[in-house]
Amino acid sequence: MSNILIYATASISCFKSCSLISALTKKGHSVKVIASRDALNFVGKASFEGLSKNPLLTDVFDYPESEGAISHITLSQNWTDVIVVYPASADTINKMAAGIADNLFGQVFLANNFVKPVLVAPAMNSNMFMHPATQESLKKLESWGCVILPCGEGHLACGTEGKGRLLEPEDALTYVEKYL
């Protein structure tokens, strides 16, 4: 089976990443999870580790001994078959497009040479999604070779209606398997 790296960012929809991780491991894939520090306000470390059966990665210097001090290189170039940003917050999307590597995932992303697919699943308030900065960042990421997954419309956690709902886990699973 395949090696899949999930980056879970801070979003109210972060709980859906647990369903995707569970579905991937049930299919026999090996999953490693990097979580942003703020994502851990929505989903706990034990959930990510229990579902992935791997230590949670959160920091550049918080790596398993097997990964070594250059875990960002090992993860992006040697270990993973596909990288999935699920959910991808506006902050993360804009940082990726600006080349900001102030965390482990930013370094993994920059170390990736796009031989391995990078799937990005936006999840945010509709105003944040439609903001010109976010739209330009999505276009830039797509031009670099990232696959921007569709997001839904409807009732959002903030109480508004609009575009920005995270792609459902079963649909994200279909995309991941398509790009393996």
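Report on the accompanying structure. (Residues numbered from 1 in each chain as written. Predicted model: local features only at pLDDT ≥ 70, side-chain atom pairs only at ≥ 80, totals over all residues. Heavy atoms only, no water.)

A look at the environment of Gly-154
- Structurally, Gly-154 is set in strand β6 (residues 152–155).
- We classify Gly-154 as buried; its relative accessible area is 18%.
- For the pair Gly-154 and Arg-165, spaced eleven residues apart in sequence, the C-alpha separation works out to 7.0 Å.
- Excluding residues within four positions of it along the chain, Gly-154 makes contact with Thr-160, Glu-161, Gly-162 and Arg-165. (Helix = DSSP H or I, 4+ residues; strand = E, 2+ residues; numbered from the N terminus. Buried < 20%, exposed > 50% of the residue type's maximum accessible area, 1.4 Å probe, protein only. Contact = heavy atoms within 4.5 Å.)

Overview of the pairing of strand β2 (residues 30–35)
- A large share of β2 lies buried, amounting to five of its six residues.
- By the bridge criterion, six bridges tie strand β1 (residues 3–8) to β2 in an arrangement that is parallel. Note on β2: the bridge partner recorded for Ile-6 is Val-33.
- Following the chain from β1 across helix α1 (residues 15–26) to the adjacent parallel β2, one finds a crossover that is right-handed. (Pairing = 2+ DSSP bridges. Right-handed = clockwise from strand over helix to strand, strands pointing away.)

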